[in-house]
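Residue-level structure breakdown
Each chain, written out:
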Amino acid sequence: MTYYSLRPSPFGELLLLGDGTALNALYMPPHRHAPQLDTPDSRDWQRDDCLFDQAATQLAAYFAGELQAFDLPLAAGGTAFQQRVWAALKEIPFGQTWSYGQLALHIGAPGASRAVGLANGRNPLSIVVPCHRVIGANGSLTGYGGGLERKRWLLAHEQARTPYRLS
């Protein structure tokens, strides 16, 4: 059974999906790869906001600038390579960005920047698994399933709450 909840955010409603034990997806509609409500795929979904209270509490704390890393049971479906990329995304420090090349190097696949980008774009757990922290090699903001304006907002939100560090 797939359960869902719709929760507010500073930039619009979030769609949370889960199986009753873990968060399977978090999308920012309209999202490039998000399933849609009221379609044949979602016909058997059941709304249950209570199942997502822990996620909603942590999202509210994140948006308030009080939380930098999520601690939720997660179960996103994907290939072994996608899972490696998504696990590495959680290692990008709050308020920082990595390029696709840096992420590829981090997972031990230095020539796989393009594949890393594709896996990053398929991340079903936006915000919680911070794919918004990945940028182009030249520092440019590149594609984001939730839209570049939301990516810009998330990065600015985090960078405003990150103490300046001398290198």
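Report on the accompanying structure. (Residues numbered from 1 in each chain as written. Predicted model: local features only at pLDDT ≥ 70, side-chain atom pairs only at ≥ 80, totals over all residues. Heavy atoms only, no water.)

So, the overall build of the protein chain
This is how it is decided: Elements are defined by DSSP. Helices are runs of H or I of four residues or more, strands are runs of E of two residues or more, and each kind is numbered from the N terminus. The size measure is the radius of gyration over C-alpha atoms, and the globule rule it meets is 2.2 Å times the number of residues to the 0.38 power. When accessible area is computed with a 1.4 Å probe and restricted to protein chains, residues below 20% of their type maximum are described as buried, those above 50% as exposed, and intermediate ones as partly exposed.
Each helix and strand counted, the protein chain has five helices and six strands in total. The N-to-C order of helical and strand elements in the protein chain reads β-β-β-β-α-α-β-α-α-β-α. Relative to the 2.2 N^0.38 estimate, which gives 15 Å for 167 residues, the radius of gyration of the protein chain is 16 Å and therefore close to what a compact globule would have. Each of the three principal axes of the protein chain carries a C-alpha extent, and together these read 50 × 35 × 25 Å. When the 167 residues of the protein chain are sorted by exposure, 46% land in the buried category.

A look at helix α5 (residues 148–160)
Applicable threshold: In this scheme, a helix's expected span is set at 1.5 Å multiplied by one less than its residue total. Working definition: the arc comes from the directions between the helix axis and the C-beta atoms, pointing outward to the latter. The criterion used for residue contact is that any of the two residues' heavy atoms lie within 4.5 Å.
Taking 1.5 Å as the rise per residue, α5 with 13 residues should run 18 Å; its terminal C-alpha atoms sit 18 Å apart, in good agreement. Those residues of α5 that fall on the buried side of the exposure criterion are R150, K151, L154, L155, H157 and E158. Looking straight down α5, one finds its buried side chains confined to an arc of 160 degrees; they lie on one side. Exposed and oriented more than 90 degrees from the buried face of α5 are E149 and A160. Lining the buried residues of α5 we find α1 (53–63), α3 (100–106) and β6 (134–135).

Regarding the pairing of strand β1 (residues 3–7)
The test is simple: The rule for pairing is simple: two strands pair if DSSP sees at least two bridges between them.
Counting buried residues along β1, five of its five residues qualify, which places the element largely inside the surrounding structure. Covered by surrounding structure in β1 are Y3, S5 and R7 together with Y4 and L6, the residues of both alternating faces. Relative to strand β2 (residues 14–18), β1 runs antiparallel, the two being bridged by five bridges. What sits directly across from R7, in β2, is L14.

Quick notes on the pairing of strand β3 (residues 23–27)
In terms of residue burial, β3 counts as a mostly covered element, since five of its five residues are buried. In terms of strand pairing, β2 meets β3 through four bridges, oriented antiparallel. What sits directly across from L17, in β3, is A25. Between the end of β2 and the start of β3, which pair antiparallel, lie four residues, with G20 showing a positive phi angle near 100 degrees.

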